[in-house]
Amino acid sequence: MTTTQQSPTPPPHASTPQSGTVTGEAPTPTGPTSKIDYSEKIPNNVNLAGDRKLQRALEGWQPKFIDWWKNLGPSIPTHDVYLRTAIAVGRDGWAHFDRVPMEDYRWGIFLAEQDPDRKVNFGDKKGEPAWQEVPGEHRSDLRRLIVVQGDTEPASVEQQRHLGMTAPSLYDMRNLFQVNVEEGRHLWAMVYLLHAYFGKDGREEAEQLLKRNSGDFDSPRILGAFNEETTDWLSFFMFTYFTDRDGKYQLGTLKESGFDPLARTCEFMLKEEAHHMFVGTTGVQRTVQRTAELMKQHGTDDIWQYGGIPLSVIQKYLNFQFSVSMDLFGSETSSNAAAYYTSGLKGRWMETRRKDDHQLHGLTMDVPIIEGGRMATKTVPMLTALNLDLRNEYAADCENGVKRWNQELEDAGLEERLFLPHQGFNRKVGTFAGHHVSPSGEILDDAAWEKNVGDWLPTSDDRAQVAELMVPHYDTGDFAGWISPPSVGINSMPVEYDYVRF
Ligand code: BYC
């Protein structure tokens, strides 16, 4: 891999075409757009050139980011990858596809367009104009939210760095790298906010975002799920389905923030996030499809010997990733969540579409608890139950993918079905932490848990057997035997296209 730094000159879509290059033109924007300036060293649509001090500070951070990417980004050397790059932030025509050497990818700072009439839409400041600067009294809370969000982005790149070595196809490898470069850009998004609005301590936090590392013993990432290893491609698909979906919901609440620059940056991040979840939904679906085919063909779930992943193992991976992702919502009852809401920093999912007073004083909500060894509920002020409110929205959305995967089983004429485990299963955060709950919701003692846990969570044996199937397939149009090919390629390109070149 060449080790050039980001060049201030041509954008990827203007790069010299190489043999076999496909330069798909971006659709002509029809909606309101705000063009991104690619002539800058750091592409942006925030008029960075108009603030020399900020520009210099970010240009000082840029080489550290590039070093981090070289050291902890994708470990497999490639020549170029068919990638999507943002060129505008409006509703239509914001992306351009082209072959790009990954180290020349133009990470930049893109905020959705500003609505000059935007208001704070919830909490005690409801109705005030949205803030263009950080309110002094909320400075440390806001910084914390931005740091937690920012910390997850590079963490996922670190977790996924070796997956290219075992990609089931060039199509899948390209999708992995697309996810990775965009997570890198989402780190830029948070670093911009820290640099632009939080002065010296913001700059220090930005440094720390590159110093904490996933799984590091002394300096781990902040949230649990981002210190787990992404051991193989089935984990990756589960991660992009379940954990990226947490990202969607958390970004959805930050998009409601009264702090307008945060709202606008999250709004644009959400556009990119959709592809990540597509990778997860279809990745698991294609795995299930192949599994169903092999089960049908051989009349057994024990399909290791035929090169497939047994459905029972897919269920265990699902159980694991769903439960660690549920932990990312924090405790069911949280005074932090109440404070963020009341002060207008973090709203609810689809805040403005909710039919209530958007202040929630005096309202209550039932939250689950375990009492006297049984499942029960407790009524608490709704303001303190907002982590649960969001988690419920998330869990309902997770059901949609499971339905889709089960359709594959039904289409194959099989009786078996996948399901989401009980919300209390395998939890380390919140009311269920410290209890053993089975996937069907029974509360268990230590012995019963130990006896059965190997049927519910991937064992080291399961992971080793999945790892054996992870043999790279780098020929154009070639796919590993444990996964079905997709029905269509990327950006109308054929499935059999050399999406990655070495
Ligand atoms: N691990 O009051 P509580 C994404 C801490 S993913 C470790 O219930 P709160 C992405 C908590 O910090 C989305 N610690 O928590 C996906 C608190 O500590 P302090 C990421 C945890 O504050 C894929 C204490 O426990 N974005 O974008 O209401 C690829 C008490 O907890 C955990 C965000 O999360 C945990 N899981 O809620 C790439 C949005 N949970 O204050 C990217 C920003 C809780 O006592 N973050 N704790 O020291 C937040 O909104 C909130 O911080 C949380 C926690 C929802 C995470």
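Residues numbered from 1 in each chain as written. Predicted model: local features only at pLDDT ≥ 70, side-chain atom pairs only at ≥ 80, totals over all residues. Heavy atoms only, no water.

Engineer: Would you mind showing me how to read the overall build of the chain here?
Structural biologist: Across its full length, the chain carries 11 helices and seven strands. Taking 23 Å as the expected radius of gyration for a compact globule of 502 residues, we find that the chain reaches 23 Å, a close match to that expectation. Principal axes of the C-alpha set define a box for the chain whose edges measure 65 × 65 × 45 Å. Residue burial in the chain is summarised as follows: out of 502 residues, 58% are buried. (Helix = DSSP H or I, 4+ residues; strand = E, 2+ residues; numbered from the N terminus. Rg over C-alpha atoms; globule rule 2.2 N^0.38 Å. Buried < 20%, exposed > 50% of the residue type's maximum accessible area, 1.4 Å probe, protein only.)

Engineer: So what exactly am I meant to see when it comes to the side chain of Arg-391 here?
Structural biologist: Residue position: Arg-391 is located in helix 9 (residues 386-411). The buried category is assigned to Arg-391, whose relative accessible area is 1%. Polar side-chain contacts of Arg-391 include one of 2.6 Å to the side chain of Gln-423. Those residues in contact with Arg-391 that lie beyond four places of it in its chain are Met-326, Phe-329, Glu-332, Pro-368, Gln-423, Arg-427 and Phe-432. (Polar contact = N/O pair within 3.5 Å; in protein donor to acceptor, adjacent residues only side chain to side chain. Contact = heavy atoms within 4.5 Å.)

Engineer: Can you walk me through the packing of aromatic side chains in this structure?
Structural biologist: Both the distance between ring centres and the angle between the ring planes are used here to describe each pair of aromatic rings. Counted under the stated rule, the structure contains 33 aromatic pairs. Arranged with centres 4.9 Å apart and planes meeting at 90°, the rings of Trp-61 and Trp-188 form a pair that is edge-to-face. Remark: Trp-188 occurs in helix 3 (residues 170-197) and Trp-61 occurs in helix 1 (residues 52-72); sequence separation between them is 127 residues. Side by side, Trp-61 and Trp-188 carry an identical accessibility label, which is buried. Taken together through their ring pairs, the aromatic side chains of Tyr-241, Phe-242, Tyr-249, Phe-322, Phe-329, Trp-349, Tyr-394 and Trp-405 make up a single cluster. The ring of Tyr-241 carries the charged tip of Arg-245 above its face, separated from the ring centre by 4.1 Å. Above the plane of the ring of Tyr-317 lies Arg-463, whose end atom (NZ or CZ) is 5.1 Å from the centre. (Phe/Tyr/Trp six-rings, centres within 6.5 Å; stacked < 30°, edge-to-face > 60°. Lys NZ or Arg CZ within 6 Å of the ring centre and 35° of its normal.)

Engineer: In this structure, what is going on with the site of the ligand? I would like to understand it.
Structural biologist: Neighbouring the ligand are 29 residues; Arg-144, Gln-149, Ser-331, Ser-334 and Lys-346 lie closest to it. Here Lys-346 contributes a side-chain N or O atom positioned 2.4 Å from an oxygen atom of the ligand. Surface burial for the ligand is 79%, taken as the share of its 1000 Å² of free accessible area covered by protein chains. Of the residues forming the shell around the ligand, the biggest block, seven residues, is contributed by helix 2 (residues 139-159). For the shell around the ligand, the per-class residue count stands at 10 nonpolar, 12 polar and seven charged. (Near = heavy atom within 4 Å. Areas by Shrake-Rupley, 256 points an atom, 1.4 Å probe, with all protein chains shown as cover. Nonpolar A, V, L, I, M, F, W, Y, C, P; charged D, E, K, R; others polar.)

Engineer: Sorry, what's going on with unusual backbone geometry here?
Structural biologist: Where the residue is not glycine, phi is negative for most of them; where a peptide bond is considered, it is trans in most cases. Even without glycine at this site, Met-350 takes up a positive phi of about 55°. Inspection of the secondary structure assignment puts Met-350 in the loop between helix 8 (335-342) and strand 3 (364-371). Unusually for a residue other than glycine, Ser-492 sits at a positive phi of about 65°. As for its position among the elements, Ser-492 is in the loop between helix 11 (460-469) and strand 7 (500-501).

Engineer: Could you clarify how one ought to interpret the pairing of strand 2 (residues 95-100) in this entry?
Structural biologist: Counting buried positions over the six residues of strand 2 gives six, a clear majority of the element. Of the two faces of strand 2, the one lined by Ala-95, Phe-97 and Arg-99 and the one lined by His-96, Asp-98 and Val-100 are each fully buried. Two strands pair when backbone bridges link them, and strand 1 (residues 80-86) and strand 2 are joined in this way by six bridges, in the antiparallel orientation. Counted as the bridge partner of Ala-86 is Ala-95 from strand 2. (Pairing = 2+ DSSP bridges.)

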